[in-house]
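Structure at a glance
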Amino acid sequence: VADTLRGRMLLSEGDVHFEGWNLSPEKVRAITKVTILACGTSWHSGIAGKAMIESLARIPVEVELASEFRYRDPIVEPSHLAIAISQSGETADTLAAFKEAKARGAMSLALCNVIGSAMTREADITILTNAGPEIGVASTKAFTTQLVGLYLLAVKLGRMRGTLTVKAAQEHLTALTEIPKMIEDVLKCETSVKRVAREFMGAQDFLFLGRGPMHPVALEGALKLKEISYIHAEGYAGGEMKHGPIALIDEKMPVVVIAPKQPHVAYEKIIGNIEEVRARGGKVIAIIDEDDAHVASLADHVIRIPAASALLAPVVATIPLQLLAYHVADLRGNDVDQPRNLAKSVTV
Ligand code: F1P
């Protein structure tokens, strides 16, 4: 994350300088829709990015599964900005969807980790995440750095469209520079994470719940666990639990609830979810603010994280879930860097 930030000039007038940025203020003001195209982990960062761009730049954003996009007849116009998010920059479905959006006239921006990759060659503008090579197949630091890249982009678009004042933009950029230190702090949760991993390494299923900005975190927590531990896991928006997954809950089901205390996260409602899980005997593992005694008293296990602002909290809250997937997989004797059946970049 620090490297993603180091690659930028954060200008004191609350602006962000991206190398090669070639969209004029008129063009940016004329954007009527952002379409995010991505697969897997990158699609999850896109969901978090939607909240960032809609909230800071007030542009409607659609987050599309790139693997579906080109098989229908998508509505694309020259006033749309297509954003491809991809660690490798080579994922075949994302590349094809990106080309399709471009062919239909959209402006194009690639958020990638690999300079010179196919998507960066295709794009009008590239934002590099500068995360360094992902050693393992499953995306981890790519995810957190994509969130940082999207946040920088949201601030830039917000300034160019006048939805953010210089002062507000500067505050957002300052909040961003505090994230690397928060990540150092959150790594201290590893002892609690290991305890949870030891207790639940034999589980058959896991449920991850989060609301608002924590919804993509829940999706990503479940995907990481699936990818490297081979345990079936579902990520759900908390409000959806009663529409189906509640039927799965019994005393064998660990439920990871991502519940930092923030208005966008609907803290009160997520407490309702915790109570519903407890009433059915499910085991609650809560990811909470350091000073949250209330949820701590309701949960079977807690993992404490430093409080970040709502839109940036996904960067911090994802780390314990990545660690959980890692420790469960390791305890089960899996090769965490080379999980079975998965390829680094899916090129077919
Ligand atoms: C997309 C992705 C990764 C996943 C695995 C397979 O890759 O689904 O999210 O962890 O590596 O590919 P990318 O387009 O972000 O490179």
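Here, the structure is the one placed above.
Reading the values: the criteria
Residues numbered from 1 in each chain as written. Predicted model: local features only at pLDDT ≥ 70, side-chain atom pairs only at ≥ 80, totals over all residues. Heavy atoms only, no water. Helix = DSSP H or I, 4+ residues; strand = E, 2+ residues; numbered from the N terminus. Buried < 20%, exposed > 50% of the residue type's maximum accessible area, 1.4 Å probe, protein only. Pairing = 2+ DSSP bridges. Axes fitted to C-alpha atoms, helices over the stretch in contact; angles between N-to-C directions. Expected span 1.5 Å × (residues − 1). Contact = heavy atoms within 4.5 Å.

1. Some words on unusual backbone geometry
- The phi angle at Arg-58 is positive, at roughly 55°, despite the residue not being glycine.
- Its location among the elements puts Arg-58 in the loop between helix H3 (40–57) and strand E4 (61–65).
- Residue classification places Arg-58 among the exposed positions, given a relative accessible area of 57%.
- You will see that Tyr-230, though not glycine, has its phi angle at about 65°, which is positive.
- By the secondary structure assignment, Tyr-230 is in the loop between helix H11 (215–229) and strand E9 (232–237).
- We classify Tyr-230 as partly exposed; its relative accessible area is 25%.

2. Thoughts on the sheet that holds strand E12 (residues 301–305)
- Strands sit in the order E9-E8-E10-E11-E12 across an open sheet of five strands; the sheet is parallel. Since the sheet does not close on itself, it has two edges, and those belong to E9 and E12, each with one partner. Looking at each pair of strands side by side, their axes are set apart by 20° on average, direction ignored.
- Pairing analysis gives five bridges linking strand E11 (residues 283–289) to E12, with the strands arranged parallel. Bridge pairing in E12 places Asp-289 opposite Ile-305.

3. Side note on helix H5 (residues 92–103)
- Between the first and last C-alpha of H5 there are 16 Å, a value that for 12 residues agrees with the 16 Å anticipated at 1.5 Å per step.
- For H5, the complete set of buried residues consists of Asp-93, Thr-94, Leu-95, Ala-97, Phe-98 and Ala-101.
- Its buried side turned inward, H5 meets strand E3 (33–38), helix H4 (66–69), strand E5 (80–86), strand E6 (107–112) and helix H6 (118–122).
- Just downstream of H5, Gly-105 is the residue with a positive phi angle, here 105°.

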